[in-house]
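Coordinate inspection notes
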Amino acid sequence: SHWERLVSKSARRSSTSGHTVLVTGAAGFVGTHVSLALKRRGDGVLGLDNFNRYYDPNLKRARRKLLERAGVFVVEGDINDGPLLKKLFDVVPFTHVMHLAAQAGVRYAMQNPNSYVHSNIAGFVNLLEACKSANPQPAIVWASSSSVYGLNSKVPFSEKDRTDQPASLYAATKKAGEEIAHSYNHIYGLSITALRFFTVYGPYGRPDMAYFFFTKDILKGKQITVFESPDGGSVARDFTYIDDIVKGCLGALDTAKKSTGSGGKKKSNAQFRVFNLGNTSPVPVSELVAILEKLLKVKAKKKILPMPRNGDVKFTHANISLAYRDLGYRPTIDLETGLKKFVKWYLEFYSSGSNKKGSW
Ligand code: NAD
């Protein structure tokens, strides 16, 4: 059929590379950048995304256009759709799955808790089931989150630190995902790598994240709310630029060992790995605002409030020595350099007529 031809064409790899990758959440922020990078180097790439309306659908459509121009086809569908996944795995012998589809964001759980269960738990299990039954079994690289460190107060966070105090439902579903992934590795020999991303930002980023809506509100002259921790200290984030995260994802994909299972049975020791992908230099949110003011040449109207208990943690800070050693991960972009690229994209994107009416 026409659909099968599009799928096969998109997933066809160039002769230089041995990978055929299914990217879930391909119309998302990280998924778009990862898909483009994979395609650029010659991997076969097929996207899957349900195009949900959690944020500006215009932005997802624009990302999809970028992808299609690069030759990446995005199937519109949900990771909970078992028959669809089976069909995709039947048509394409994927060597890898880059699983980035999720309900992201911490605060939205207070409005729609079930979307976290649907995508991050039920959908993840459904995808693992499809991978388990596929022939060949693909190696899986999956986005966990720095939020699993929760209320842990030991910094910097390293992979062996405690993750038993989630501060949000989002964090709880990511933590559950790690346990679920581990069990699939153990039982079925699936090769799984969990990447704990730390506050990723950059062009085509997510409108629900602070750096993005601060930019929008500062430009509009609207007041922004900056939270301080209740003990007075500043809230800080280990902001990580998208290009660095993409390199970490590709490093994880390239070092992933093959799954060892077949026919639903485990054969030998397939790997289960967990890595932090951060920047190792946390920046207070007040400084984020100062950098944006400088880049936008507009003074922000700030309201300072104590941090509400809405799921956010006071600070994040990654120890990345494990990813440094095993994935060759070397983040190079500091916050000001990265924000400069974001602001340049933002001004271009939202000044072009078609995107002005973004509903975010
Ligand atoms: P995003 O929301 O931009 O991308 C996720 C994409 O998945 C969206 O396009 C959405 O439409 C799609 N999706 C959601 N549920 C789906 C489902 N059930 N079936 C099919 N598609 C579905 O988010 P992002 O920032 O690109 O995040 C990518 C991954 O990285 C997510 O797993 C997220 O939890 C994780 N992560 C992101 C950050 C960050 O700072 N951006 C930090 C830590 C972890």
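See the structure shown above.
Residues numbered from 1 in each chain as written. Predicted model: local features only at pLDDT ≥ 70, side-chain atom pairs only at ≥ 80, totals over all residues. Heavy atoms only, no water.

Some details on the overall build of the protein
Looking only at helices and strands, the protein has eleven helices and 13 strands in total. For the protein, the spread of C-alpha atoms along the three principal axes comes to 60 × 45 × 35 Å. With 360 residues in all, the protein has 56% of them scored as buried. Here the analysis covers contacts within the protein between residues at least 6 apart in sequence; of these, 82% occur between residues at least 24 apart. With an accessible surface of roughly 15,700 Å², the protein has 53% of that area assigned to carbon and sulfur atoms. Taking the average location of the 51 positive side-chain charges in the protein and that of its 30 negative ones, the two points are 4 Å from each other. (Helix = DSSP H or I, 4+ residues; strand = E, 2+ residues; numbered from the N terminus. Buried < 20%, exposed > 50% of the residue type's maximum accessible area, 1.4 Å probe, protein only. Contact = heavy atoms within 4.5 Å. Areas by Shrake-Rupley, 256 points an atom, 1.4 Å probe, with all protein chains shown as cover. Lys, Arg positive; Asp, Glu negative; His and termini not counted. Charge placed at Lys NZ, Arg CZ, Asp CG, Glu CD.)

Description of a positive patch on the surface
Taken together, the side chains of Arg53, Arg61, Lys65 and Arg69 make up a positively charged region of the molecular surface. Its place among the elements puts Arg69 in helix α3 (residues 57-69). (Patch = residues over 30% accessible without salt bridge, like charges linked within 9 Å, V, L, I, M, F, W, Y side chains within 5 Å. Salt bridge = Lys/Arg side-chain N within 4 Å of Asp/Glu carboxyl O.)

Re the pattern of salt bridges
Considering all chains together, one arrives at 17 salt bridges under this definition. Of the charged contacts in the structure, one is a salt bridge between Lys299 and Glu293, with a shortest N-O distance of 3.5 Å. With a closest N to O distance of 2.7 Å, Lys294 and Glu336 form a salt bridge. Placement of the pair is Lys294 in helix α9 (residues 285-296) and Glu336 in helix α11 (residues 335-351), with a sequence separation of 42 residues. Where salt bridges share partners, they join Arg41, Asp43 and Asp254 into one cluster.

A closer look at the site of the ligand
The immediate surroundings of the ligand are formed by 29 residues, with Val30, Asp49, Tyr55, Tyr170 and Val200 found nearest. Note that an oxygen atom of the ligand is positioned 2.6 Å from one of the side-chain N or O atoms of Asp49. A distance of 3.5 Å is found between an oxygen atom of the ligand and a backbone nitrogen or oxygen belonging to Leu100. Elements with a minimum of two residues in the shell around the ligand: α2 (29-40), β5 (139-145) and α6 (169-188). The dominant element in the shell around the ligand, judged by the number of residues it contributes, is β5, at three residues. (Near = heavy atom within 4 Å. Polar contact = N/O pair within 3.5 Å; in protein donor to acceptor, adjacent residues only side chain to side chain.)

Quick look at the pairing of strand β1 (residues 20-24)
Taken across its five residues, β1 has five buried, putting it largely inside the fold. Burial along β1 is two-sided: the face carrying Thr20, Leu22 and Thr24 and the face carrying Val21 and Val23 are both buried. Bridge count for β1 against strand β2 (residues 44-49) is five bridges, and the pairing is parallel. Note that in β2 the partner of Val21 across the bridge is Val45. Pairing of β1 with strand β4 (residues 96-99), which is carried by four bridges, proceeds in the parallel orientation. Each bridged residue has a counterpart across the sheet, and for Val21 the counterpart in β4 is His96. (Pairing = 2+ DSSP bridges.)

Considerations on the nonpolar core
Grouped together as the largest cluster of nonpolar side chains are 74 residues, with contacts concentrated most on Phe197 and Leu339. Here the element with the most residues in this core is α11; it accounts for eight residues. One finds Leu127, Ala130, Tyr188 and Val274 within the second-largest nonpolar core, a separate group that totals 32 residues. (Core = buried A, V, L, I, M, F, W, Y, C linked by side-chain atoms within 4.5 Å.)

Overview of the packing of α9 against α11
For any two helices packed against each other, the geometry is given by the interaxial angle and the distance between the axes. As a packed pair, α9 and α11 sit with axes 10 Å apart at the nearest point and diverge in direction by 50°. Taken as axis vectors, α9 and α11 run oblique relative to one another. At the point where α9 passes α11, the crossing takes the right-handed sense. Here Leu288, Ile291, Leu292, Lys294, Leu295 and Leu296 of α9 lie close against α11, whose contacting residues are Leu335, Glu336, Leu339, Lys340 and Val343. The residue inventory of the contact of α9 with α11, partitioned by class, reads eight nonpolar, no polar and three charged. (Axes fitted to C-alpha atoms, helices over the stretch in contact; angles between N-to-C directions. Parallel < 35°, antiparallel > 145°, perpendicular 65-115°, else oblique. Left-handed = near helix turned anticlockwise from the far one by under 90°. Nonpolar A, V, L, I, M, F, W, Y, C, P; charged D, E, K, R; others polar.)

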